[in-house]
Structure formats: C-alpha cells, structure tokens
Amino acid sequence: MKLIACTEGHSSKIEAFSLEMIAAARSLSQAGDKVVAFFAGRDAQAASASFGVADQLIAACAATSDLIPAETYARLLRDVIAVESPSLVLVPYSANGLDVAADIAARTGWPLISYVNEIKRDGESLTVVAQMYGGKILAECAVGLPAILMINPGAFPEATPGPIDTARVRMIDAEPALTSGKVKMVAIEVPDYADVDLTTAERIVCVGRGIGDEASIDLARNLATMLGAEIAGSRPVVDNGWLPKLRQVGKSGQKVKPKLYLALGVSGAPEHLEGMSHADLIIAVNTDPKAPIFNVAHYGATCDLFDLVANLSDRLRAGSGR
Amino acid sequence: MNILVVLRMIPDSAGELQLAEDGRSIDREWLDFQLNDFDDHALEEAILLKEAGGAKVTAVAVGEGANRVLQMAAARGADEVVALQCEEDAMISSREIAASIAAMARAKSADLVLCGVQSSEDVFGQLAPYVGALLDWPHVSGANRIVANGAVLRVTQERGAGVAVTYELAAPAVLGVQTASKAPRYVSGSKLREASKTPIGRATPEPSGLERAADIITLRLPVQGGSGENLGGNAETVADRLVSILAAKGMARN
C-alpha cells in the first residue's frame, strides 16, 4: 500500500514535524509499501535535502509565494491522492493541517481521526490512540482504510534528515492552483523578539488558567523576578489579554526548553505540552491531581498555587537577604 | 452580512472525567457542560463584526445547556438564536453535525459561518473545514482577527512561534476562530434577564452524509504521573522542598 506523509514549510524552511510525519509513515510501512512525502511550498530545496527516508517526494512549488494557503494545499493534495490512490494519509496537527485533514475527509468520505499519538497496523486496518478532552482521555479507535490521520507533533521521532535522490522527486507546478485559489495570502508577520524571547530564556515561570484573574499575575511576576525567570502564560491567559502574545508557551506560541519551567495552575493541554515538555526541570503546581501537566513534570505539587507562591516568595526573599 | 455562529456545549475538561460503564464514552451524569472556549471567541468575533459593519448574527447551539448559552448569546448581541437538537448523552462529533450546520447556513443565506477552531470532542475532525468542504466555501482555521470590507474578508491566522499569516478571501466563507480580536465580553444580570425573553428556535439535525468508518473501541485514562516526584499538597513543605531543589541546581539560595 501507499502512505502519504504530508509535510509543510514556509519561505525556504521546512517544519520540523514534517520529518515526524515521514517517520510515522515509515514505521507503518511493510515490504512492498511506498512512503510518499507530499510537500507544498515556495521551492523544494529544503524538502529534497531532508526527506531521504521517503521513497518518493512529490513537491508542489510556487516561486511567487512564501507559503501555500491550506485551501490550495488541500486542492493540490487531492489531485495527488486521485493519482496515487494511497491507503493512508498522515497530516500534521498544525494550523495548516487543521484545514487540510477534514477538508479531504469531507470530499473523499474517508474516515479521519485527529490528535493521534499512536498507530498500530494490522494488515489493512489500523488501531490508533487519539487524545480527547485536553489530553485527559485517550480514545482507542478502529479505522478502516483508506483513511486520514491527523498526528500530534512530538508523537513520533523525527526521521533522520538526508537528501532524496532526484530520480525519486516529482515536481508539480503549484502556480495555477495558487492563482485560482479562493484564499490569498497577503502577509506573513514574524514576531519581533527585541522585547522578550522565551525560546532563549533559561528560567520560565508560566501561569495557566488557575491563576484566576489578571491582578494575580503580578504575584507570579514577582516570584519570576526573584527566580531570575521570565513570566509566561498558557493560551487562555494570553487570550484573556493578561499577558502579551510573545509570552505564550505552546503550539500557537513559543516552543521553549529552559533549565527551569515552573508551571502554576497550568493543566497541561497537549498543545501546551508541545511547547515545553523538553524543559530540563519542570515543576508543576495544580490542585487537580489528574492534570496532564504532571505527566511531564519532574516535581509536582497539588497545593493551592497562591499559598505556594506566597510561601516560596517568602523563602526566596529570606534567602537573598542573608 | 448574515453571520451564523456555532456554539457547542462540551464537558468541562478542567473537572474530573470518568469513564462510563460501556468503556466507550465518558460518564455524563454529573458533568458540568460549558460553552466550548473557542466557540465563545467565535461568538465574540461575530458580535464585533456586527458592531463594526452591521450584520445579522444567528447563533446555533448544540448540546446540554444549549438554551442557557443561547440566552447569553442574545444578551451579547445575537439577533436570532436556534437550538439544534442532538442525540442526548452523546459526544458532539463535528463530522456528524457538519451537514446540519451547512444546511442551516444555506437556509439562513449566511455569508459567514463562524465556529471555534476545535473542540475537545472533535476526534473525528474539526467543524470549520467539514462545513467549508460540504458547502464548497473557502475556510480558514486558527483565525484571531477578522476584518470585513463588504464581502471581502481579511483573516489573520495564528501559526506556531508567534508567526501570523493574513489571508484575503471573499464571502461566503467558513472560519474557525482561535481567538477573538477582543476578549469575550461580560454580560450583566439585567441584560441576561432581558434576553431570556428571546424566543429560541428549534432545528432538527440533517443526516450527516459522511460514513462513520471509524469507531471508538474504548476510552481510557492516560497512565498517570510519569516518573515525576509528588511533593504533596502542603504549600509550606512544598515551598521548603522547592527551595532545596532549586538551591541544589544553583537557582536559589537556601
């Protein structure tokens, strides 16, 4: 059977999770199977330099655009699916993947499982494990082929990057699809890190929904100052406007790897864990003992976060006064 | 402009979730249901668009507590509110309800369908792309700013690492909202009481038209804890331990 691993990139870069999609497809493939990497972007240079683990690379490129909008990506992918008749299409859980996976599922009628962490293949059928309810429940699902799976970044190890033989690369001109597309990209804004760059911070104190209100953020900020840490927030905190967007950790924020990550009232939704689970030392405080953040924490505490912040601040103040 | 905004009631995943006896669903008896957070932002964005350029906003709610949330939607500025009937005590599958939302979008001559980018129950896929594909309308997910200039929409999408991409597309369209341009507004008790008189329309679901072809065999709780050490629930002892842990790593003095 054929497996299509969907990959992404913008400008001249490829997204790191692209290599995870290829690795996932490779891990499911058996003798005689074919792993096809599908890429859509400005040019195929980075893709053909990295996707050597795939048996074939189909690259849809448009030199006029730094990014292919999901609507066009999905249309190009549909054409590839029509020609290649794959049994399985793996789509990353990303901004682009969110629009692509269900679009293809609706137009093909194929089953789709989202937020997939594990895949087991048994001949022509699959059993997959998907996350629900912010990672608090795992759903084991039976899927008939052909099917589409949307894969969580981080669920599979990255394939080793290496060049793919040009004979195994098929180029598609994406220009016509881009021109006739209904969704036009007009701008890409890359944040200005002059103010704060969490990705290089050595210590981070991150507040989640449990902080309760905007005024309480100052307590956490004071603690952060005492620890020489940057203050950061999970998505709900930033969505409420309590902290600026540049201080958001997670899928739609920054991916961080500090030496210390102190999570206060953060439940640890999969999207948050994606951004911080590789920190060297993770300390989590949450009154819910089943909060998924404890699955990645090195130390966990279930006390009230305000009591903890007060006690910890007192001790740090006393320590620095000596 | 006619805007249809979808409001899904989902179990509060900050609360404790327990498995039902059949092992394939969660026990819904004592659960708190609340408006899907992203749908709350979609509603806010709909009202902001109405305030910015004039629009008729129809809110359609599905799930346990739909009436309550529709009154809230009316209090915040929705012009018409409709409850979509659904199977009781079942999760809300976006794949399943997409046909009903698409039919309603046509019936209401919607120019724009807004919903939250995702919900914690959409294991079978997300609503905005399903509805967009069924209607063959353009769709963009992860929207955090929508500006309408007549039928031309400018939509800014959040991507990872703080990268934001802005797209232009023409209505009719379907947008999956991540974050409203402003935080969802608070409504006063008096406004809520006033809005409680708003008649709630009823809609019956359309057959999904999409085969299931995938099924949940079993649900389980993730293995707890990993390898981390539990410091307990006493703030004073936890603080003492944390100071020693941090001091040992040279990150604090004890």
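Keep in mind it's a predicted model, so treat the numbers as computed, not measured. Position numbers for residues start from 1 in each chain and track the written sequence from start to end. Chains carry letters from A onward and ligands carry numbers from 1 onward, assigned in written order. Per-residue local features are limited, in this predicted model, to residues with pLDDT of at least 70; the limit for side-chain atom pairs, both in listing and counting, is 80 or more; totals at the level of whole chains, interfaces and linings are taken over all residues. Side-chain calculation: all heavy atoms of the structure are included, whereas hydrogens and water are not.

### Examining the overall build of chain A
So, step 1. Helix and strand labels come from DSSP, where a helix needs a run of H or I of at least four residues and a strand needs a run of E of at least two; each type is numbered from the N terminus. Per the secondary structure count, chain A includes 9 helices and 17 strands.
So, step 2. With the radius of gyration taken over C-alpha atoms, the globule rule is written as 2.2 Å times the number of residues to the power 0.38. Here the C-alpha radius of gyration of chain A, 22 Å, is about what a compact globule of 322 residues would show, namely 20 Å.
So, step 3. Taking the principal axes of the C-alpha coordinates as reference, chain A spans close to 70 × 45 × 35 Å.
So, step 4. Only protein chains enter the accessibility calculation, which uses a 1.4 Å probe; a residue whose area is less than 20% of its type maximum is buried, one above 50% is exposed, and one in between is partly exposed. Within chain A, the proportion of its 322 residues that are buried is 60%.
So, step 5. Here a residue-residue contact requires only that any non-hydrogen atoms of the pair lie within 4.5 Å. A separation threshold of at least 6 residues defines the contact pool for chain A, and within that pool the share at least 24 residues apart is 64%.

### Looking at the overall build of chain B
So, step 1. Regarding its fold elements, chain B presents 6 helices and 12 strands.
So, step 2. C-alpha extents for chain B along the principal axes are approximately 65 × 45 × 40 Å.
So, step 3. When the 254 residues of chain B are sorted by exposure, 54% land in the buried category.
So, step 4. For chain B, long-range pairs separated by at least 24 residues make up 71% of all intrachain contacts whose partners lie at least 6 apart in sequence.
So, step 5. Shrake-Rupley sampling with a 1.4 Å probe provides the accessible areas, and residues are treated as covered by the protein chains on show and by no other component. Accessible surface, chain B as shown: approximately 10,700 Å² in total, 47% of it carbon and sulfur.
So, step 6. Charge convention: Lys and Arg are scored as positive, Asp and Glu as negative, and His as well as the terminal groups of each chain are ignored. For the purpose of locating charges, the reference atoms are NZ of Lys, CZ of Arg, CG of Asp and CD of Glu. Between the centroid of the 24 positive side chains of chain B and the centroid of its 33 negative side chains there is a distance of 7 Å.

### Side note on the nonpolar core
So, step 1. Counting residues in each nonpolar core, the largest one holds 62 residues, and the members touching the most others are A:Ile4, A:Phe38, A:Leu77, A:Val89, A:Ile148, B:Ile101 and B:Val113.
So, step 2. If near-sequence neighbours (up to four positions away) are discounted, B:Ile101 is found in contact with B:Leu4, B:Val6, B:Val60, B:Leu84, B:Val113, B:Leu127 and B:Val131.
So, step 3. Core analysis: the second largest hydrophobic core is formed by 48 residues, A:Ile113, A:Ala130, A:Ala139 and A:Ile151 among them. Here, nonpolar core means buried Ala, Val, Leu, Ile, Met, Phe, Trp, Tyr and Cys residues that are tied together by side-chain atoms lying within 4.5 Å of each other.

### Re the interface of chain B and chain A
So, step 1. Of the residues lining the interface, 92 residues belong to chain B; the matching set on chain A comes to 84 residues.
So, step 2. Here chain B packs against chain A, burying approximately 7,300 Å² in sum over the two surfaces, 56% of which is carbon and sulfur.
So, step 3. When a carboxyl oxygen of Asp or Glu lies within 4 Å of a side-chain nitrogen of Lys or Arg, that pair is called a salt bridge. At the surface where chain B touches chain A, the tally comes to 8 salt bridges.
So, step 4. Between B:Asp136 and A:Arg107 there is a salt bridge, with its nearest N and O atoms 3.1 Å apart. The term buried area refers to how much accessible surface (probe radius 1.4 Å) is lost by two components on association, counted for both of them together.

### A few points about the state of the cysteines
Cysteine pairs can be linked by a disulfide, which is a covalent bond between their two sulfur atoms.
So, step 1. Sulfur atoms of two cysteines make up a disulfide when they are within 2.5 Å. Summed over the entire model, instances satisfying the criterion amount to 0 disulfides over all chains.
So, step 2. Residue A:Cys303 stays outside any disulfide, its sulfur separated by 17 Å from that of A:Cys206, the closest cysteine.
So, step 3. Take B:Cys115: it sits in no disulfide, and the sulfur closest to it among the cysteines is that of B:Cys86, at 16 Å.
So, step 4. When its relative accessible area of 1% is taken as the criterion, B:Cys115 is described as buried.

### Here's the deal with the sheet that holds strand β12 (residues 229-230) of chain B
So, step 1. Pairing between two strands requires that DSSP report at least two bridges joining them. Reading across the sheet, the 6 strands line up as β14(A)-β13(A)-β15(A)-β16(A)-β17(A)-β12(B) and stay open at both edges, with parallel pairing between neighbours. Of all strands in the sheet, those with a lone pairing partner are β14 (230-233) of chain A together with β12 of chain B, marking the two edges.
So, step 2. Bridge count between strand β13 (residues 203-207) of chain A and β14(A): 4 bridges; the pairing is parallel. If you follow A:Ile204 over to β14(A), its bridge partner there is A:Glu230.
So, step 3. Only the stretch in contact is used when a helix axis is fitted, and all axes are lines through C-alpha atoms; the angle between N-to-C directions ranges over 0 to 180 degrees. Against the sheet, helix α6 (residues 217-227) of chain A engages β13, β14 and β15 (260-264) of chain A, with an angle of about 170° to β13(A).
So, step 4. Its contacts with the sheet place helix α6 (residues 235-248) of chain B against β15, β16 (282-285) and β17 (299-301) of chain A together with β12 of chain B, and it is angled at close to 160° to β17(A).

### Details of the packing of aromatic side chains
Residue and element names in this part refer to chain A.
So, step 1. Between 30 and 60 degrees the pair is tilted, below 30 it is stacked and above 60 it is edge-to-face, where a pair is any two Phe, Tyr or Trp rings, Trp via its six-membered ring, whose centres lie within 6.5 Å. This model, assessed by the stated rule, comprises 2 aromatic pairs over all chains.
So, step 2. The interplanar angle of 85° and the centroid separation of 5.1 Å between the aromatic rings of Phe38 and Tyr73 together place this pair among those described as edge-to-face. Separated by 35 residues along the polypeptide, Phe38 in strand β4 (residues 34-41) and Tyr73 in helix α3 (residues 70-84) bring together distant segments of the chain.
So, step 3. Using a relative accessible area of 2% as the deciding quantity, one classes Tyr73 as buried.
So, step 4. Aromatic pair Tyr93 and Tyr115: ring centres 5.0 Å apart, planes at 80°, arrangement edge-to-face. One end of the pair, Tyr93, is in the loop between β6 (88-92) and α4 (95-108); the other, Tyr115, is in strand β7 (residues 112-122), and 22 residues separate them in sequence.

### Describing the pattern of salt bridges
So, step 1. Scanning the entire structure with this criterion turns up 37 salt bridges over all chains.
So, step 2. Residues A:Glu84 and A:Lys2 are paired through a salt bridge, measuring 2.6 Å at the closest nitrogen-oxygen approach. Of this pair, A:Glu84 sits in helix α3 while A:Lys2 sits in strand β1 (residues 2-7), and the two are 82 residues apart along the sequence.
So, step 3. Taken together, the shared-partner salt bridges connect B:Asp40, B:Glu44, B:Glu51, B:Arg76 and B:Arg185 into one network.

### Regarding the side chain of A:Asp99
So, step 1. Tracing the chain through its elements places A:Asp99 in helix α4.
So, step 2. A polar atom in the side chain of A:Asp99 sits 2.6 Å from the backbone nitrogen of B:Ser141.
So, step 3. Discounting chain neighbours no more than four positions away, the residues touching A:Asp99 are A:Ala70, B:Pro129, B:His139, B:Val140, B:Ser141 and B:Gln157. Between N or O atoms, a polar contact is any pair within 3.5 Å; within protein, one atom must be a potential hydrogen donor and the other a potential acceptor, and residues adjacent in sequence are included only when both atoms are from side chains.

### Points about the layout of surface pockets
All names here are of chain B.
So, step 1. Counted as a void, the second largest pocket has a volume near 640 Å³.
So, step 2. With a 1 Å grid laid over protein atoms only, a set of points is called a cavity when a 1.4 Å probe fits there but cannot get out and a pocket when it is open yet has protein on both sides within 12 Å along at least five of seven lines; lining residues have an atom within 4 Å of a point. Forming the boundary of the second largest pocket are 29 residues, of which Glu87, Ala90, Met91, Ser93 and Arg212 lie nearest the centre.
So, step 3. In this count, Pro and Cys sit with the nonpolar residues alongside Ala, Val, Leu, Ile, Met, Phe, Trp and Tyr, while Asp, Glu, Lys and Arg are called charged and the others, Gly among them, polar. Across the lining of the second largest pocket, the residue classes break down as 15 nonpolar, 5 polar and 9 charged. Grid points are joined across faces, edges and corners, and a volume is the space filled by probe spheres set on the points.

### Here we look at the sheet that holds strand β8 (residues 125-132) of chain A
So, step 1. Strand order in this open sheet of 10 strands is β11(A)-β5(A)-β4(A)-β1(A)-β6(A)-β10(A)-β7(A)-β8(A)-β9(A)-β11(B), and the pairing throughout is mixed. Each of the sheet's edge strands pairs with one partner strand only, and the pair in question is β11 (169-173) of chain A together with β11 (214-220) of chain B. Averaged over neighbouring strand pairs, the angle between their axes works out to 30° when direction is ignored.
So, step 2. Along the sheet, α3(A) contacts β1, β4, β5 (56-61), β6 and β11 of chain A; its crossing angle with β1(A), the most-contacted strand, is approximately 165°.

### Looking at a negative patch on the surface
So, step 1. Together, B:Glu21, B:Asp22, B:Asp27, B:Glu29, B:Glu64, B:Glu87, B:Glu88, B:Asp89 and B:Glu96 give the surface a local cluster of negative charge.
So, step 2. Inspection of the secondary structure puts B:Glu21 in the loop between β1 (2-11) and β2 (33-35). Note on patches: the residues involved have over 30% relative accessible area and no salt bridge, like charges join within 9 Å, and the nonpolar side chains Val, Leu, Ile, Met, Phe, Trp and Tyr join within 5 Å.

### Section: helix α3 (residues 94-107) of chain B
Because an α-helix completes one turn every 3.6 residues, residues spaced three or four positions apart along the sequence face the same direction.
Residues and elements named next belong to chain B.
So, step 1. In this scheme, a helix's expected span is set at 1.5 Å multiplied by one less than its residue total. End to end, α3 covers 19 Å across 14 residues, agreeing with the expected 20 Å (1.5 Å per residue, within 8%).
So, step 2. Counting buried positions along α3 gives 10 out of 14 residues, so the element sits mostly inside the fold.
So, step 3. If you check which residues of α3 are buried, you get Ser94, Arg95, Ile97, Ala98, Ala99, Ser100, Ile101, Ala102, Met104 and Ala105.
So, step 4. With its phi angle positive at about 50°, Ser109 sits one or two positions after the end of α3.

### Digging into the domain arrangement of chain A
Residues and elements named next belong to chain A.
So, step 1. Just so you know, the domain bounds were taken from an automatic or database domain assignment. Taken as a whole, chain A is organised into domain 1 (2-180) and domain 2 (198-321).
So, step 2. A C-alpha centroid distance of 33 Å is found between domain 1 and domain 2.
So, step 3. On the side of domain 2, 9 residues touch domain 1, which itself brings 7 residues to the contact.
So, step 4. Together, the buried faces of domain 1 and domain 2 total about 590 Å²; carbon and sulfur atoms form 56% of this surface.
So, step 5. Considering only the side of domain 1, the residues that lose the most area to domain 2 are Tyr93, Gly134 and Lys136, jointly responsible for 65% of the buried surface there.
So, step 6. Seen at the junction of domain 1 and domain 2, the total is 1 salt bridge.
So, step 7. Between Lys136 and Asp288 there is a salt bridge whose closest N-O contact spans 2.8 Å.
So, step 8. Here domain 1 is connected to domain 2 by 3 residue pairs in polar contact (both at pLDDT 80 or more).
So, step 9. Across the side of domain 1 that touches domain 2, the residue classes tally to 2 nonpolar, 4 polar and 1 charged.

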